[in-house]
Amino acid sequence: KLSTKKVLGMVLAGVLAAGSLTACGGSGTASTTAADAATAASGDSQAAADTTAAAGEKKTLRVAMECAYAPYNWTQPDDSNGAVPIADSNEFAYGYDVMMAKKICDELGYDLEIVRLDWDSLIPAVTTGKVDCVIAGQSITSERLQAVDFTEPYYYATIVTLVKEGSKYADAKSVADLAGATCTCLPQIEGANVLAATASAPDMLMSLNADKCDLVVTDQPTGKGALVAYPNFKMIEFGGGENDFQVTDEDINIGISLKKGNTELQDAINSVLTKMTKDDFSQMMDEAISVQPLAN
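All values derive from a computational prediction rather than experimental measurement.

What counts and how
Residues numbered from 1 in each chain as written. Predicted model: local features only at pLDDT ≥ 70, side-chain atom pairs only at ≥ 80, totals over all residues. Heavy atoms only, no water. Helix = DSSP H or I, 4+ residues; strand = E, 2+ residues; numbered from the N terminus. Buried < 20%, exposed > 50% of the residue type's maximum accessible area, 1.4 Å probe, protein only. Areas by Shrake-Rupley, 256 points an atom, 1.4 Å probe, with all protein chains shown as cover. Pairing = 2+ DSSP bridges. Contact = heavy atoms within 4.5 Å. Axes fitted to C-alpha atoms, helices over the stretch in contact; angles between N-to-C directions. Salt bridge = Lys/Arg side-chain N within 4 Å of Asp/Glu carboxyl O. Polar contact = N/O pair within 3.5 Å; in protein donor to acceptor, adjacent residues only side chain to side chain. 1 Å grid on protein atoms, 1.4 Å probe; cavity = no way out; pocket = protein on both sides within 12 Å on 5 of 7 lines; lining within 4 Å. Points joined across faces, edges and corners; volume = space filled by probe spheres on them. Nonpolar A, V, L, I, M, F, W, Y, C, P; charged D, E, K, R; others polar. Expected span 1.5 Å × (residues − 1). Parallel < 35°, antiparallel > 145°, perpendicular 65-115°, else oblique.

S.K.: Account for the overall build of the protein, with residues named and values stated.
M.R.: Secondary structure assignment for the protein yields ten helices and 14 strands. When burial is assessed residue by residue, the protein has 54% of its 296 residues classed as buried. Per element, the accessible surface of the protein, about 11900 Å² overall, is 47% carbon and sulfur.

S.K.: Hey, could you go over the sheet that holds strand β13 (residues 233-236) for me, with residue numbers and the actual values?
M.R.: One open sheet accounts for five strands, arranged β11-β10-β12-β9-β13; its pairing is mixed. The sheet is open, and its two borders are formed by β11 (193-194) and β13, each paired with just one other strand. Where strand β9 (residues 159-164) lies against β13, four bridges are found, and the strand directions are antiparallel. Considered in β13, the bridge of leucine 162 is made with methionine 235. Those strands touched by helix α6 (residues 201-209) are β9, β10 (182-184), β12 (215-219) and β13, and its axis lies near 40° from that of β9.

S.K.: Describe in detail the pattern of salt bridges, supporting the description with residues and values.
M.R.: Taken as a whole, this structure holds seven salt bridges when the rule is applied. The partner of arginine 116 in a salt bridge is glutamate 91, with the nearest N and O atoms 2.9 Å apart. With a gap of 25 residues between them, arginine 116 in strand β5 (residues 110-116) and glutamate 91 in the loop between β3 (84-85) and β4 (92-94) connect regions that are remote in the sequence.

S.K.: Can you explain the environment of serine 290? Please cite residues and give values.
M.R.: Inspection of the secondary structure puts serine 290 in helix α10 (residues 278-291). Assessed through its relative accessible area of 56%, serine 290 is described here as exposed. For the pair serine 290 and lysine 224, spaced 66 residues apart in sequence, the C-alpha separation works out to 9.5 Å. Of note is the side chain of serine 290, whose polar atom sits 2.6 Å from the backbone oxygen of glutamate 287.

S.K.: So what about the layout of surface pockets? Which residues, and what values?
M.R.: Estimated volume of the second largest pocket: approximately 170 Å³. Lining the second largest pocket, in full, are Ala157, Thr158, Ile159, Val160, Glu237, Phe238, Gly239, Gly240, Asp244, Phe245, Val247 and Ile252. Classifying every residue of the lining of the second largest pocket gives seven nonpolar, three polar and two charged.

S.K.: Could you give me a rundown of unusual backbone geometry, with the residues and numbers involved?
M.R.: Geometrically, the link from alanine 70 to proline 71 is a cis peptide bond, its omega value of 5° lying close to zero. Tracing the sequence through the fold places proline 71 in the loop between β1 (59-65) and β2 (74-76).

S.K.: Break down the environment of methionine 65 for me, citing the residues and quoting the values.
M.R.: Checked against the element boundaries, methionine 65 lands in strand β1. What makes methionine 65 buried here is its relative accessible area of 0%. C-alpha separation for the pair methionine 65 and alanine 93, spaced 28 residues apart in sequence, amounts to 9.2 Å. Contacts of methionine 65, omitting those with residues within four sequence positions, involve Asn73, Asp97, Val98, Ile114, Val115, Arg116, Leu117, Leu122, Ile135 and Ala136.

S.K.: Quick rundown of helix α3 (residues 96-108)? Include the residues and the values.
M.R.: When the terminal C-alpha atoms of α3 are compared, their 18 Å separation across 13 residues agrees well with the 18 Å that a helix rising 1.5 Å per residue should span. Every buried residue of α3 is accounted for by Tyr96, Asp97, Val98, Met99, Met100, Ala101, Ile104, Cys105 and Leu108. Within two residues after α3, glycine 109 carries a phi angle of roughly 75°, on the positive side.

S.K.: So, the pairing of β12: which residues are in play, and what are the values?
M.R.: When you tally the buried positions in β12, you get five out of five residues, the bulk of the element. Alignment of β9 against β12, held across four bridges, turns out to be antiparallel. Within β12, the position partnered with isoleucine 159 by the bridge is aspartate 219. Where β10 and β12 come together, two bridges link them in parallel fashion. Opposite threonine 184, over in β12, you have valine 216 as the bridge partner.

S.K.: Describe the packing of α3 against helix α9 (residues 263-273), with residues and values.
M.R.: How two helices pack is summed up by the angle between their axes together with the distance between the axes. Closest axis-to-axis distance for the α3/α9 pair is 10 Å, and the angle between their directions is 105°. Taken together, α3 and α9 sit at an angle that is classed as roughly perpendicular. Between α3 and α9, the contacting residues are Met100, Lys103, Ile104, Glu107 and Leu108 on the first element and Ala268, Ile269, Ser271, Val272 and Leu273 on the second.

S.K.: Go over the sheet that holds β2 with me, naming the residues and quoting the values.
M.R.: Spatial strand order, β2-β4-β3: three strands in an open sheet with antiparallel pairing. A strand with exactly one partner marks an edge of an open sheet, and here the two such strands are β2 and β3. Here two bridges tie β3 to β4, and the two strands are oriented antiparallel to one another. Paired with proline 85 across the bridge in β4 is phenylalanine 92.

S.K.: Residue-level account of the side chain of asparagine 73, with values.
M.R.: Mapping asparagine 73 onto the fold places it in the loop between β1 and β2. At 3.0 Å, the side chain of asparagine 73 forms a polar contact with the backbone nitrogen of alanine 68. The residues touching asparagine 73, leaving out its near neighbours within four places in the chain, are Met65, Glu66, Cys67, Ala68, Tyr94, Gly95, Asp97, Ile135 and Ala136.

Spatial relationships are all this shows, so hold off on functional conclusions.
Right under this line is the structure:
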């Protein structure tokens, strides 16, 4: 999401557009903080799971996300494809973020609870201890790092451009070819009419479909997902180099945010993420895109 709303969510995917784990155990189980288990997990996630099982306790990882930003996360009415119940609702959450949360909990021996919050409430929920972490397509920006800590990246995004088939920008070969376009995006398009990055990514995609803007600059997963929902869209990738958008690690590294100083949980989650490769991340994201609901 870039620095405002998901920089890959809004500003970049909007495109167009933090703690000690809460001590909560499952019903009928002993209540032990997930951070305690994380200490054992920091070197070996399987050892943490074994320790948890041996103690007869189950820790619950409370993970916040919007549940409205496919293919990272979305809301659906049932548990198809492995979706997880959303706390205090009769709905379910799924998507790349949920898949990653499930993998982390499986590796560490935790139960998983998904907490649905709006974007602006995510970091406050972590800093106050309402949730243990946020897995919601957040880019690791210096601004966010002032409020929360982050894990290693759990996804590395690349930047793409979405246009409608037949658009005068459909054959663009470089950022320079997008000059004069109406869009919400990185401030690198010459003469662009840049719209305010205040709407959600789904809203901006609808704006493109309704010809209220010429193009959307977003992350590749959002772009791929949009092609499923809007087959009349075309995704343009400039391949890097001087003809492409110039981005930094802040723009494209997506991480899991935690309360500052919660090194136990940070180390535990990193023990899972560092075993995975960029190809693993890409395969998981492709799977999420393949099952995302068209409404998102």
